[in-house]
Amino acid sequence: MAGVRHIAGGPIRRRTAVSVVLALALVLTGCTQVIDGEPSAMTSDLDAGPQQPPAQVQGGTGSATDRLATTIVTGVESYWRQEFPTQFGRPWVNIHGYYAVDPKAPATAPACVKRALDLDDQALYCPQMDSVVWDRVELVPHLVNTYGQGAVMVALAHEMGHAVQNRIGIDATTQLTEKDRYPTILLEGMADCFAGSVLRGVVDRRVPNLELDRPGLDRALRALLSFRDAASIGGGIPEGAHGDAFDRASAFIDGYANGPNDCAGMTVGNQVFTQRGFISFSDAASNGNLILSDLLLYMLPDANAWFGQLVTSRDRSWRQPTLALDAPARCATPDASGQGPAWFCPSNNTLVVSSRALGSVHDALGDYASGMLLATRYAYASMAALGRPTQGPEASRMALCLAGAYTRAVFDRKSDFGLSPGDIDEAVDELLDENYAARDLSGTPPRGDLGFERVQQFRTGVLDGSAKCGL
């Protein structure tokens, strides 16, 4: 059916501005406030003179969250003092200032904003002051209480990532004069990437006084993705965009896996950005959502065609799985129903769907959260047809990757069944929140798997296609 698009926005996420980009005036990206002042490059200041001692955090009352933020910025800067010379061949210059601000106390506003209230629920990097500023009253306690200490690490490491950009030559003047080369979404992705490299250092115990366990890494990524942009009207990538959840997760994962040098090498030519605006008011009015029955009506024939072609292109036969909707199904594979709201039985080639259970995912996170679960079951059907293992960690990884490859194919379409803005984010939300997608045909997820790893495996398929999935 031509023109079918879908997305689910899910609950409105708390959004925090986490960067500053320079235009004719300094604008807090992700916000509406404009900071008075002319752009000023910091490069000459950063290259000149002897190294200054590390800056002390100004502001705060010594509360537990104040001490936490101070420990984090001190540890992150220590990380960069060690890594920056190794990665970029020149010494690190300490950041000039840190400010923990109470937005409701006007006297505490640093010079980079007109009013303290401009910092309400925000963290930002001020390039003209080479300083990192954050709301100590609302933002930091909220991040700790909602996501844990790793959330504060990722937020402040992101802002300090903009200071790293400044020090590798992507300063205020460069951003102003080379806007096409350094759009906001790239600069934000680069800062997310630098944050990922820092958190890898924390997980590996290479950052003084900071620790983060594997579950904490998942919570930190959830916090980062809560900063994502909401879809808007207009199509394409909106000017000033920070990135959707997939874009931000991708950049963070690259930094975590590959380190700071890869982050510095990010360009508009080598990055895939999935953020888009709605192309119609009707799509925006529904948040791009199809009801579950329509999703099944349109998606299942489409998935059958795509995965069927994947199988037949390898000279194997393909039979469309039979849909059993809210019907009992026997399966020779023990515990197959443990796969979750949708499960595939290879012995009778049946896709079993519980409209109640899948509808719960659908209603909570959006239509492509449930669609992605269906895609993983079709992935297993294709793996069974190709004689590949359908149980164990490697099978889980392959299925997630193939679901990502299918998602990219649907995302790239201009007609027929396709994705609306934010649909890929819904898949990311489901991958972070639950392990249904990673469960093999015996209903077993890989031992100790993380949402972070599930997103990483799905992302491989989205970016690199089925050829990288190990078929």
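Residues numbered from 1 in each chain as written. Predicted model: local features only at pLDDT ≥ 70, side-chain atom pairs only at ≥ 80, totals over all residues. Heavy atoms only, no water.

(A) View of the confidence of the model for the protein chain. When pLDDT is averaged along the protein chain, the result is 84; 82% of the residues meet or exceed 70. Low pLDDT, under 50, characterises residues 1-44; the stretch is placed with 163 contacts to residues that sit more than four places away or in other chains. (pLDDT = per-residue confidence, 0-100. Contact = heavy atoms within 4.5 Å.)

(B) Region of interest: the environment of Arg206. If you trace the backbone, Arg206 turns up in the loop between helix H6 (184-203) and helix H7 (214-225). Classification of Arg206 as partly exposed rests on a relative accessible area of 34%. In sequence terms Arg206 and Gln82 are 124 residues apart; their C-alpha atoms lie 9.8 Å from each other. (Helix = DSSP H or I, 4+ residues; strand = E, 2+ residues; numbered from the N terminus. Buried < 20%, exposed > 50% of the residue type's maximum accessible area, 1.4 Å probe, protein only.)

(C) Quick peek at the pattern of salt bridges. Going through the model one piece at a time under the given rule, you end up with 15 salt bridges. For Asp433, the salt bridge identified is with Arg222, shortest N-O distance 3.5 Å. One end of the pair, Asp433, is in helix H15 (residues 423-433); the other, Arg222, is in helix H7, with 211 residues separating them in the sequence. Since its relative accessible area comes to 25%, Arg222 is described here as partly exposed. Between Asp449 and Arg454 there is a salt bridge, with the nearest N and O atoms lying 2.7 Å from each other. On the basis of relative accessible area, Asp449 is assigned to the buried category, the value being 18%. Connected through shared salt-bridge partners, Glu83, Arg200, Asp204 and Arg206 make up one network. (Salt bridge = Lys/Arg side-chain N within 4 Å of Asp/Glu carboxyl O.)

(D) Quick look at the nonpolar core. Grouped together as the largest cluster of nonpolar side chains are 121 residues, with contacts concentrated most on Trp80, Trp134, Leu199, Phe307, Leu374, Tyr406 and Phe458. Listed in part, the 9 residues of the second largest apolar core include Tyr99, Val101, Cys112 and Val133. (Core = buried A, V, L, I, M, F, W, Y, C linked by side-chain atoms within 4.5 Å.)

(E) Broad picture of the packing of helix H11 (residues 292-312) against helix H14 (residues 393-411). Remark: H11 packs on H14, axes separated minimally by 11 Å, with the N-to-C direction vectors making an angle of 115°. Classified by the angle between their axes, H11 and H14 sit roughly perpendicular to one another. Regarding H11 and H14, the two cross each other, and that crossing is right-handed. Residue-level inspection shows Met299, Asp302, Ala303, Trp306, Phe307 and Leu310 of H11 in contact with H14, the latter providing Leu402, Ala405, Tyr406, Ala409 and Val410. Along the lines of polarity and charge, the residues of the contact of H11 with H14 split into 10 nonpolar, no polar and 1 charged. (Axes fitted to C-alpha atoms, helices over the stretch in contact; angles between N-to-C directions. Parallel < 35°, antiparallel > 145°, perpendicular 65-115°, else oblique. Left-handed = near helix turned anticlockwise from the far one by under 90°. Nonpolar A, V, L, I, M, F, W, Y, C, P; charged D, E, K, R; others polar.)

(F) Highlighting H11. If you check H11, its first and last C-alpha atoms are 29 Å apart, about what 21 residues at 1.5 Å a residue would give, namely 30 Å. For H11, the principal kink sits at Met299 and spans about 30°; a proline, Pro301, occurs within the next four residues. (Expected span 1.5 Å × (residues − 1). Bend = angle between axes of the 7 residues up to and from the residue.)

(G) Quick peek at the sheet that holds strand S8 (residues 322-325). Within the open sheet, the 3 strands sit side by side as S8-S10-S9. Their pairing is mixed. In this open sheet, the two edge strands, each paired with only one partner strand, are S8 and strand S9 (342-345). Strand-to-strand twist in this sheet, taken as the mean axis angle between neighbours without regard to direction, amounts to 20°. Of the strand pairs in this sheet, S8 and strand S10 (residues 350-353) are connected by 4 bridges, and their pairing is parallel. Residue pairing across strands places Leu323 opposite Leu351, the latter belonging to S10. (Pairing = 2+ DSSP bridges.)

(H) Broad picture of the sheet that holds strand S4 (residues 57-58). Pairing in this open sheet of 4 strands is mixed, and the strands run S4-S5-S7-S6 from one edge to the other. Looking at which strands have only one partner, the edges of the open sheet turn out to be S4 and strand S6 (123-126). Where strand S5 (residues 97-101) meets strand S7 (residues 131-135), 5 bridges bridge the pair, whose relative direction is parallel. The residue of S7 that forms the bridge with Tyr98 is Val132. Packing against the sheet, helix H4 (residues 149-167) makes contact with S5, S6 and S7, and its axis sits at approximately 15° to S6.

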